[in-house]
Amino acid sequence: MKNRRLIIAIIPFLVLIAILTIVILVFRTDALGGAAQVAMLLTTAISSVIAITCFHTSWSDLEEAMTSNIKSLVSAILILFFIGAVAGSWMISGIVPTMIYYGLKILSPAIFLFATCVICGLVSLMTGSSWTTIATIGVALIGIGQILGFSAGWTAGAIISGAYFGDKLSPLSDTNVLASSLAGIPLFTHVRYMLYTTIPTFVITLIVFLCVSLTMQTEASISVQSFSDSLQDSFCISPWLFIVPVLTGVMIAFKLPALAVLLLSALNAEVAALIAQPDIIAEIGGSSDLTGMFRGVIVSLYGDTAHTTGFAQLDTLIATHGMCGMLDTVFLIICAGAFGGVLQGSGIMREVTDALARQVSGRKSLTAVTEAIGISTNAICADQYLSILMTVSISSKLYEKMGFEQRLLTRTVSDSSTVTSVLVPWNTCGMTQASVLHVPTIEYLPYCIFNLLAPVVSFVMVAIGYKVKRIKQPF
C-alpha cells in the first residue's frame, strides 16, 4: 500500500517533466511567453485529480493550499516588479551605460569572465543580494560581454556564479538569515561553517573562468571604440551617476527592506535621468514640456524604453521593458505556486520526501537526501525561500536523530536549495535572472559553474568527514 502511494505521488513530477520537456523543445526560448505557464496549469490539474481520487483531499483544502502558497510568493512578485523598474530607470538615466563605458576601458577579454565573477562576488558579498547584484552590475556586464564577443551563456554564468557566491557568504543575505533561524543556530556560526565548502567551490569556479577567458577565441561583435563613442554621443556619461549605486549600497548596508531599497533606487535613478538625460526622458514622454517629462519618467519605470541612437547594437542593448517586462515571469510564478500548493496540501510531496528520508543510514546518505530534497523542492515549489523552509523543516529531525549538528544541515541546505534555485527555469530565481539578463535559463545553466559545483563539493567534504562531527550517537 505504501509503495503504491509513493508510485502515485511520483506521477505529477513525471508529468511535469514530460510536458515541460516537450514545451521547451517546441517553443525553445519563447517557452516563458505562455507555453510553460499552460504546461504548469495542466500539471496542476492532473495533480489535483490525483490528490482528490488517490489521496482523498477535498477540493476546498486544495484551493486553500494553492491560495496560501501563492500568497507566500507575493513578496517575490513585488520585488520582481521593482527590479523591472530599476532595470528601466538605471538604463535610461545612463547609470548602466556609464558602467559599460568604463567597463570597456578596464576589462580585458583575457580575464573578462574571471573578473566578472569576482566583481559580482564582491558586490553581492557587500550587499547580501544576488538579485540586486544581477539586476544592476550584472546587466552592465552582460552588455560588455556581448561587445567583447563572449556568448551570453558564458557571461551570464560568470555573473550568476559570482552573485550567488557573495549572497551565500554575506551576513546580510536573507537566505542565510532564514536558514540559520529555522535551525536555531547563530547566523555567524552558519556563515563561518559554510567557508569550508564555499571557498573551495569558488576557487575552482574562478580557475575555470580564468582558463576559459585565456583560451577562448573571441572576436568583438562590434568595434569597442565605436561602441564607446556611440555611448558618449547618446548618453551623458559621468562618474557622478555612480552616486545612485553607492546610495543603493548604503541602503542595503543599513538593512532596509528589499522592496524599499529597490523602489528608492529606481526613484533616485529617475532624478538622475532628469538631470543627466532630459532629452531621452522627453523622447520617451513625447515632448519636453512638464507633461511629457512626467510621462517619460513613468513610462521608463513600467514600459518600453526604446531609444534610437543610430547604432543598432546599442539600440538593442538599452531597450528595456520595465515592470511590464516581468509579467510573463509573474504569470509563471503564480502557476508554479498553484502547482506547489496542490502538492503540499494533498501530502503528495510529503510522501516523496518521507521516502527519501527512509534511505538515510549515515552522514553521506544524510547529505545526499538533504540535497535531493533541496533541489527537488526548488523544482516543485518553484521558490527558493519555500525550498529552504521545507528542506530545513523536513530534515531537521533527521539530523537530530542521527546526532549531527544543525549547522551541517543549514550548510547543506545553502549548498543545495540556495544555489540551485537559479538553475530551474520555472523557479522564481531562474525566471527572474532569465528575464533580467535576457538569457534563457537553459542557455546559461551549463555555465553556472559555482552553482553546479556547490552540491558536489558539499557532498565530497562530508564524505571525507572534513569538519563533520557527531554531537551524540544516533538513536
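These numbers were taken from a predicted model, which means no experiment stands behind them.

Time to look at unusual backbone geometry. The backbone of His56 sits at a positive phi, close to 55°, despite the residue not being glycine. With respect to the helices and strands, His56 occurs in the loop between helix 2 (35–53) and helix 3 (59–71). In the Ramachandran plot, His438 falls in the positive-phi region, its phi being about 60° despite a non-glycine side chain. Secondary-structure assignment places His438 in the loop between helix 22 (428–437) and helix 23 (441–444).

Looking now at the side chain of Thr197. Position of Thr197 relative to the elements: it lies in helix 10 (residues 187–215). Overall, Thr197 belongs to the buried group, its relative accessible area being 0%. Residues contacting Thr197, with those up to four places away along its chain left out, are Lys168, Arg411, Asp415, Val457, Ser458 and Met461.

What follows is about the nonpolar core. By size, the foremost hydrophobic cluster in this structure holds 140 residues, and its most contacted members are Ile100 and Tyr164. At 11 residues, the largest contribution of residues to this core is made by helix 7 (residues 130–148). Residues within four places of Tyr164 in sequence aside, it is in contact with Ser130, Trp131, Ile134, Gln384, Thr418, Val419, Ser421, Val422, Cys429, Gln433, Phe450 and Asn451.

Let us now look at the confidence of the model for the protein chain. Any segment with low pLDDT has predicted coordinates that should not be analysed in fine detail. Mean pLDDT over the protein chain stands at 83; residues scoring 70 or higher make up 93%. Per-element mean pLDDT across the protein chain ranges from 66 in helix 16 (residues 312–318) up to 95 in helix 24 (residues 449–463).

Turning our attention to the packing of helix 10 against helix 21 (residues 406–420). Helix-helix packing: each pair is described by the crossing angle between the helix axes and the interaxial distance. One can describe the packing of helix 10 onto helix 21 by two numbers: an axis separation of 9 Å at closest approach and a directional angle of 55°. Our classification of the angle between helix 10 and helix 21 gives oblique. Both helix 10 and helix 21 take part in a crossing whose hand is right-handed. Listed contacts from helix 21 to Thr189, His190, Tyr193, Met194, Tyr196, Thr197 and Thr198 of helix 10 are Arg407, Leu408, Thr410, Arg411, Ser414 and Asp415. Tallied by class, the residues present in the contact of helix 10 with helix 21 amount to four nonpolar, six polar and three charged.

Reading the values: the criteria
- Residues numbered from 1 in each chain as written.
- Predicted model: local features only at pLDDT ≥ 70, side-chain atom pairs only at ≥ 80, totals over all residues.
- Heavy atoms only, no water.
- Helix = DSSP H or I, 4+ residues; strand = E, 2+ residues; numbered from the N terminus.
- Buried < 20%, exposed > 50% of the residue type's maximum accessible area, 1.4 Å probe, protein only.
- Contact = heavy atoms within 4.5 Å.
- Core = buried A, V, L, I, M, F, W, Y, C linked by side-chain atoms within 4.5 Å.
- pLDDT = per-residue confidence, 0-100.
- Axes fitted to C-alpha atoms, helices over the stretch in contact; angles between N-to-C directions.
- Parallel < 35°, antiparallel > 145°, perpendicular 65-115°, else oblique.
- Left-handed = near helix turned anticlockwise from the far one by under 90°.
- Nonpolar A, V, L, I, M, F, W, Y, C, P; charged D, E, K, R; others polar.

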